[in-house]
Amino acid sequence: MATAIQDPTIEYAGGTVAREQVSLWRDGLRRLRRNRLALAAAVYLMLLAVVCLISVFWTPYKPNAIGTCATYELPSAGHPLGCDDLGRDSLSRLMVGTQVSLAVGLATASIVLLVGVVVGLVAGYFRGPVDAVLSLLTNVFYGVPPLLVAVALYVLLGPGLINIIIAISATIWMDMARLTRGQALSIREREFIEAAKAGGARAGKIVFGHILPNALGPIIVQATFVIPAAILTAAFLSFLGFGVPPPTADWGGMANEGLPSLQGGFDPYILLWPALTLSITLLAFNFFGDGLRDAFDPRQKR
Amino acid sequence: MKHLTLRFRAVQSAAILGGISLLVAACGNSTSTTTGLAAKQVLKFPVYQSAGTFDPGEADAEVDTEITQNVFSNLWRFDDKLNLVPDLATDVPTTSNNGISSDGLTYTVHLKQNVKFNNGDSFSSKDVLYSWNRGAALQGAYASNLSAIAGFDAVQKAAGSPPSSKNSAGVTSFRQNLENKLGSNDPSVQMSGLTAPDANTVKITLAHPCGWCLTAWSLQGSTGSIVNQKSVQTDPENWWSKTVTPGQEGGMVGTGPFYMSAFTAKQSMTFKSVSNWWGSPKPTLTEIDIAIHDPSAIAGDVTAWEQGSYDLIGYGGNSSNLTYPLIQGIKGNSRFANQLITQPKGRTTWLSFNVGYPSTGGPFVGQSAAAKGLRMAFALAVDKNDLAKTVCHDVQCTAATGGLITKGLIGYLGDNADPLAKFDAAQAKSLLTQYDPTGKLTANLKYSYNTGGLNDPVASYLQNAWQTNLGVKVNLDPSSDASQFISNRLSGKYVMARDGWQFDYNHPQDWYDNLWGYLATNAGANTSGFDDPTYDSVLKQADQQPISTALAQYNQLAKILSDDVVYIPLYYSVANFAIRSYLKGAGSNTQADFYWNEISIQSH
Amino acid sequence: MLTRGTLIYIGQRLVLILFTVLMVSFGVFYVVHLLPGNAFVSDRVHGRALQLLLHQYGLDLPIPVQYWNWLKGIFLHGSLGVSLYIRGLPITPLVLRELSVSAMLGGTALIITIGLGVTFGVLAAVRQNSWVDYLLTSIAVVGYSVPSFVIASLGILIFGQWLNNVTNGGLYYPEPWTGTYGTLAELSLPAIALGFYTSGQITRITRAAMLDVIQQDYIRTARAKGLVDRVVILRHALRNALVPVTSILGPTVIGIITGSVVIENIFGIPGLGKEFVESIFQHDYNVTVGVFTIYAVLIGFANLGVDLVYTVVDPRIRY
């Protein structure tokens, strides 16, 4: 899918101005607080995190317990979201599903951050073979749909949450690398880098002490878009049947299980709940990401 | 997916259909005399699995054989009640009509003389020799149906070893070579036990007596089916996917009442009736239009069926099964509720313990009291009736309580006759505490299964049952890829696995030989690693006797298996068909869907 | 416009496309052959019989040799090989037919994407900070946030179930594909579900680009000269705003291809996307590799096409 991270409006190929740190952050946070949509999204995401934490210790029913209610039971007081085809409580499963989605989103973002930033910095600062390999890989990977690569990788690695994360990370880390490389390329030509070099600073110090902090804004904004992209890809994968093994609840898989009942016009809720939750969560991440960008990248201000 | 269950396919022989009745065609009567026929006799339905191959020498999938049973004929076939009746032969050989010699080793088969292939060729004994020798040499999935014929092994050996050269020989040259050999009557590909004294007689000599062979040879669309040599030779590789022009060479030429007039892979097929067909009943339908759809399209297809675009939904076996929500949808619609037809199928699903692979198996391996006790604990912890209720909603399956062989077939033990079908949580728990007091043995157990259909909910159900009743957490190990699952099973890489069988022909040998027998063990297909000399010797004896005397021995095998607790019986499959009421003669039995030449469309 | 420089550029790009396609096809070829299992094994086909089948189809050769044979098939015979699932059937016609199905679905979705996206983007920019702007930009965010399978499912629920009497079941896909859909209705729901996602991005980019252009001097000049607003927007602003829009057509095509995998599986549409998933499950190696290769070629040419369209949209760009 054309993920949000391929959206050129959030690419920073041109140079950004090295700004004064303290006021940048304070300024940005102030702007973020003023953006009500982004704030609402942040509140929702915090709630989601709380639900996720709670679900580790407590759910109304055991999420995998069969027979807590009748199969295909419609929403009722005892089971506010109804039950699925095996008589499992949908609310409990929806809550537990948060874990998979957030785990995929955050873990992928971390891997992408780590790998993408390091590779990008090295490629951008030192150029040379790393840069050549990176641009080659980028070219090849931009020639194929990432979801299909993820499917192939997933099938090769076998089922499992970790493998899903690896498969997704492998298909989207290059965007981060490319972004960081662009930042590094432009920042390394700036005067204060010249100055640091003249002052005898080692390469490591220059890259991580000077270039990275100055490129951090766009990188963080980009990372917030990696999270929904990863959650979305994971949902696509498990909707196609390449998800975490059952009976672990995850939203894409739950939606997939609910599709036959929806098609029969029999019980739309099994599909509806995970689909809506997934959509709202992705929406929230995107609103929040937009807010961050507006706040921390003045170039993109409305 | 091609393989939704491990094994499937067609059924046979005399059996009383248990349970629900269905539309049964007036067999033997020509339906063309019926009044009130619609002007247009075109049958339309979707199937949900593309043809793998229609070549009877290789065909493996139920949907394929249920289509080609209308194109090819065998020497005998099964009528709608699974009785064995003559097809290309004049009668069913028995010892009393001198068709079978008193030692059971020689079968003399007389052939009908008015039979013609679609290309105009007359059918004769040569065609039987060609088709059966070809079937043996191709080594397809059902080649073993011919394995009792003298000389079978030699033909397989001569035709079969992969050439040692590492040059890509390619499919063309292998099949071309085989056709060349068969064409030149090369003795290396001729089973010595198969001879033709004259144009209308075939003599079959067996290597040893065989109580099940006649039913196996009659399996439709399979190695016993008669194909046309000239047409195969026009394109040895792909002849089966080519359409037929009556009277001309080439394409999927058979002796059946229908021929294929159009074929677009993964899209559609059209079959047309053969004019002046030799057999009976004469086909009433003039054309069969089959759409090949993805299973996800079935909901739309049911809507189309209600609107009249399709006449029936569910043709082609397991892959065409209606889902529960769709069944409920049809039931809830007063116009169509009575057009939903339920038919138990000869297909059983159970769980196999890995009992014979110590290096890869778990705590269930072997015959020790602990291993057996743990197997029993896991079996007793599953409430089979509740499983059928929860997973199948008592609509798509029934609890398997009468042994591995399904109700209605020869070898069914009787309701609740299987001791492993019992549910006793207390006993299960006490067995577990007795044999695994620390819980160490049953930690990190895995249940492996191939995904799709009922397999996923069944896996979740089992996991929940063991958790609830034994307090044991079993991990699920799904394979979205059936071939990977089968490969793992064949090499013993599992602890507990989903298992199942859909019978091919109505004979206990089809179950006991293929699943735990010495034949399976020798072929490396004994997936559970079960190996018991008593079992093998009883099986060998039983296989050589007529079913009347063999049945008691087969039942003894069932007892050995349940005494050893090598499996947990789960459920018998039930198929649901949506068949418009104006279709006369359409339906299905435990084995297969009914022949097209029995179906007619009433005016509506 | 076809200067020597442009020709050289096209040549370079073609070499890059060829290189990418070779890399992709080899990678996928290698990976699918590495997967455990194969198209033939069953509990009735194993051991020697299985070996025989593997040999018949050349699957017992080393993977690089098999790949070389596959390449030879393409370059010498224009053939993508034979199917293993449908034993021995040449797959080129099959895959091309499925491509035509996907192309019709994807093409319709692309038209919806660009049509909706550009219209919404222009409207939002022209009425910047009005309720129209907020509404349309919100729709855009919803568009690229909500997964296509959710939109498709909701569509089925609303039009297929609740409004079934109105649509008369026409939103399903009941007939075999013969090159055209039976009705526009059958095509519209999958195409909208597919196009909605990417249209959100186009909306955002069009809006941003329009705002950029509108604020530039020559637009002010045009307005000052008394040109009517509509003319200004369509002639001047939109033309320039289309440059960045064009730039994401490549990712958009990728997005539509990816989305089609999901959408085709929901609606049971017999296109390449459904074939891809199916062929992986079935170990139909040549089909998987063939589909991937077709996608790589398609995306390569889409990107090249986009770059060439650039030169038309924005005459300042030369290669």
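Residues numbered from 1 in each chain as written. Chains lettered and ligands numbered in written order. Predicted model: local features only at pLDDT ≥ 70, side-chain atom pairs only at ≥ 80, totals over all residues.

Participant: Explain the overall build of chain B here, please?
Facilitator: Tallying secondary structure elements over chain B gives 17 helices and 18 strands in all. Taken against the 2.2 N^0.38 rule, which gives 25 Å for 604 residues, the C-alpha radius of gyration of chain B at 24 Å falls within 12% of a compact globule. Each of the three principal axes of chain B carries a C-alpha extent, and together these read 75 × 60 × 55 Å. Looking at chain B as a whole, 60% of its 604 residues are labelled buried. Pairs at least 24 apart in sequence give 72% of the contacts found in chain B among residues at least 6 apart. (Helix = DSSP H or I, 4+ residues; strand = E, 2+ residues; numbered from the N terminus. Rg over C-alpha atoms; globule rule 2.2 N^0.38 Å. Buried ≥ 20, exposed ≤ 12 C-beta atoms within 10 Å, placed from the backbone. Contact = placed C-beta atoms within 7 Å.)

Participant: How should the sheet that holds strand β5 (residues 194–198) of chain B be read in this particular structure?
Facilitator: What links the strands of a sheet is backbone hydrogen bonding, and the strands pair in either a parallel or an antiparallel sense. All names here are of chain B. Spatially, β4-β6-β5 is the arrangement adopted by the 3 strands of the open sheet, whose pairing is antiparallel. A single partner strand is all that each edge strand has here, and the edge strands are β4 (106–110) and β5. Between one strand axis and the next, the sheet turns by 25° as a mean value, whatever way the strands run. The pairing of β5 with strand β6 (residues 201–205) spans 3 bridges and is classified as antiparallel. Paired with L194 across the two strands is I204, which belongs to β6. Each of β5 and β6 touches helix α2 (residues 125–138); the most contacted strand, β5, lies at about 175° to it. (Pairing = 2+ DSSP bridges. Axes fitted to C-alpha atoms, helices over the stretch in contact; angles between N-to-C directions.)

Participant: Looking at this structure, how should I read helix α10 (residues 269–296) of chain A?
Facilitator: Every α-helix carries 3.6 residues per turn, so stepping three or four residues along brings you back to the same face. In this model α10 of chain A runs 40 Å from its N-terminal to its C-terminal C-alpha over 28 residues, within 8% of the 40 Å that 1.5 Å per residue would give. The element α10 of chain A is largely enclosed, with a buried count of 24 among its 28 residues. (Expected span 1.5 Å × (residues − 1).)

Participant: Got a minute to help me understand the pairing of strand β15 (residues 496–502) of chain B in this structure?
Facilitator: The side chains of a regular strand alternate, residue by residue, between the two faces of the sheet. Residues and elements named next belong to chain B. In terms of burial, β15 is largely enclosed, as 7 of its 7 residues are buried. Burial along β15 is two-sided: the residues M496, R498, G500 and Q502 and A497, D499 and W501 are all buried. One ladder, built from 7 bridges, connects strand β11 (residues 340–353) with β15; its direction is antiparallel. Paired with S352 across the two strands is A497, which belongs to β15. In this sheet, β15 lies alongside strand β13 (residues 445–450) in parallel orientation, the contact comprising 2 bridges. From the neighbouring strand, Y447 faces β15, where its bridge partner is M496.

Participant: Is there a simple way to think about the pairing of strand β14 (residues 474–479) of chain B in this case?
Facilitator: All names here are of chain B. The sheet contact formed by β13 and β14 spans 6 bridges and is parallel. When the bridges of β14 are listed, N450 appears paired with S479. Regarding topology, helix α12 (residues 455–470) serves as the crossover connection from β13 to the parallel β14, and that connection is right-handed. (Right-handed = clockwise from strand over helix to strand, strands pointing away.)

Participant: It is not clear to me how the sheet that holds strand β1 (residues 42–47) of chain B should be interpreted in this structure. Could you clarify?
Facilitator: Residue and element names in this part refer to chain B. Taken in spatial order, the 4 strands line up as β1-β9-β8-β7 in an open sheet, and their pairing is mixed. With one partner strand each, in any of the chains shown, β1 and β7 (258–264) form the two edges of the open sheet. Strand-to-strand, the axes of this sheet are offset by a mean angle of 15°, without reference to chain direction.

Participant: Would you mind showing me how to read the environment of G453 of chain B here?
Facilitator: Following the sequence through the fold, G453 of chain B ends up in the loop between β13 and α12. A C-alpha to C-alpha distance of 27 Å links G453 of chain B and G411 of chain B, two positions 42 residues apart in sequence.

Participant: In this structure, what is going on with the interface of chain A and chain B? I would like to understand it.
Facilitator: It is common to give the size of an interface as the accessible area lost on bringing the parts into contact. Taken residue by residue, the interface counts 21 residues in chain A and 19 residues in chain B. The residue inventory of the side of chain A that touches chain B, partitioned by class, reads 10 nonpolar, 9 polar and 2 charged. (Nonpolar A, V, L, I, M, F, W, Y, C, P; charged D, E, K, R; others polar.)

Participant: What is the right way to read unusual backbone geometry from this model?
Facilitator: It is generally the case that most residues other than glycine have a negative phi and that most peptide bonds are trans. In this model, P246 of chain A is joined to P247 of chain A through a cis peptide bond whose omega is 5°. Here P247 of chain A shows up in the loop between α8 (203–239) and α9 (251–263). Residue S280 of chain B is joined to P281 of chain B through a cis peptide bond whose omega torsion reads 0°. Along the chain, P281 of chain B falls in the loop between β8 (268–273) and β9 (287–292). At Q139 of chain B, a residue that is not glycine, the phi angle is positive and equals roughly 55°. Take Q139 of chain B: it is sitting in the loop between α2 and α3 (152–160). Residue Q139 of chain B is classed as buried on the basis of its 24 C-beta neighbours within 10 Å. Positive phi, normally seen in glycine, also occurs at H393 of chain B, with a value near 55°. Here H393 of chain B falls in the partly exposed class, since 16 other C-beta atoms lie within 10 Å of it.

Participant: Would you take a moment to explain the environment of N354 of chain B for this structure?
Facilitator: Residue and element names in this part refer to chain B. With respect to the element layout, N354 can be found in the loop between β11 and α9 (369–380). In this structure the C-alpha to C-alpha distance between N354 and R375, which are 21 residues apart in sequence, comes to 9.9 Å. Discounting chain neighbours no more than four positions away, the residues touching N354 are G361, G362, F364, V365, G492, Y494, V495, M496, S528 and G529.

Participant: For this particular structure, what's the right way to read α9 of chain B?
Facilitator: Residues and elements named next belong to chain B. In this model α9 runs 16 Å from its N-terminal to its C-terminal C-alpha over 12 residues, within 8% of the 16 Å that 1.5 Å per residue would give. Of all the residues in α9, the buried ones are A371, K372, L374, R375, M376, A377, F378, A379 and L380. Packed against the buried residues of α9 are β11, α11 (425–435), α12 and β16 (567–579).

Participant: Would you take a moment to explain the packing of helix α3 (residues 90–126) of chain A against helix α6 (residues 161–187) of chain A for this structure?
Facilitator: Helix-helix packing is characterised by the crossing angle of the two axes and by the distance between the axes. Residue and element names in this part refer to chain A. Taken N-terminus to C-terminus, the directions of α3 and α6 make an angle of 35°; their axes are 6 Å apart at the nearest point. Crossing of α3 against α6: the hand is right-handed. Partitioned by chemical class, the residues of the contact of α3 with α6 number 24 nonpolar, 8 polar and 2 charged. (Left-handed = near helix turned anticlockwise from the far one by under 90°.)

Participant: Help me understand the nonpolar core, please; the structure alone is not making it clear to me.
Facilitator: Side chains of nonpolar character tend, in soluble globular proteins, to be buried together. Judged by nonpolar contacts, the single largest core of 351 residues is most densely connected at L148, V151 and V226 of chain A, L312, A377 and A578 of chain B together with Y295 of chain C. With 18 residues, the single largest contributor to this core is α8 of chain A. With near-sequence residues (within four places) excluded, A377 of chain B lies in contact with A428, L431, L432 and L470 of chain B. (Core = buried A, V, L, I, M, F, W, Y, C linked by C-beta atoms within 7 Å.)

Participant: Is there a simple way to think about the environment of L35 of chain C in this case?
Facilitator: Relative to the helices and strands, L35 of chain C is located in the loop between α1 (4–34) and α2 (47–56). Residues L35 of chain C and G268 of chain C lie 233 residues apart in sequence; the distance between their C-alpha atoms is 26 Å. Ignoring sequence-local partners within four residues, the contact set of L35 of chain C consists of V155 and L156 of chain A together with H283 of chain C.

Participant: Would you take a moment to explain the confidence of the model for chain B for this structure?
Facilitator: A low pLDDT means the predicted coordinates there should not be read in detail. All names here are of chain B. Of the residues in chain B, 91% have a pLDDT of 70 or more, and the chain-wide mean is 87. For the stretch residues 1–34, pLDDT sits under 50, and the model shows 120 contacts to residues farther than four places along the chain or on other chains. Under the prediction, the complex receives an ipTM of 0.86, its pTM being 0.88. (pLDDT = per-residue confidence, 0-100.)

Participant: Can you walk me through the confidence of the model for chain A in this structure?
Facilitator: Here chain A shows a mean pLDDT of 83. Residues at 70 or above account for 89%. For the stretch residues 1–20 of chain A, pLDDT sits under 50, and the model shows 51 contacts to residues farther than four places along the chain or on other chains.

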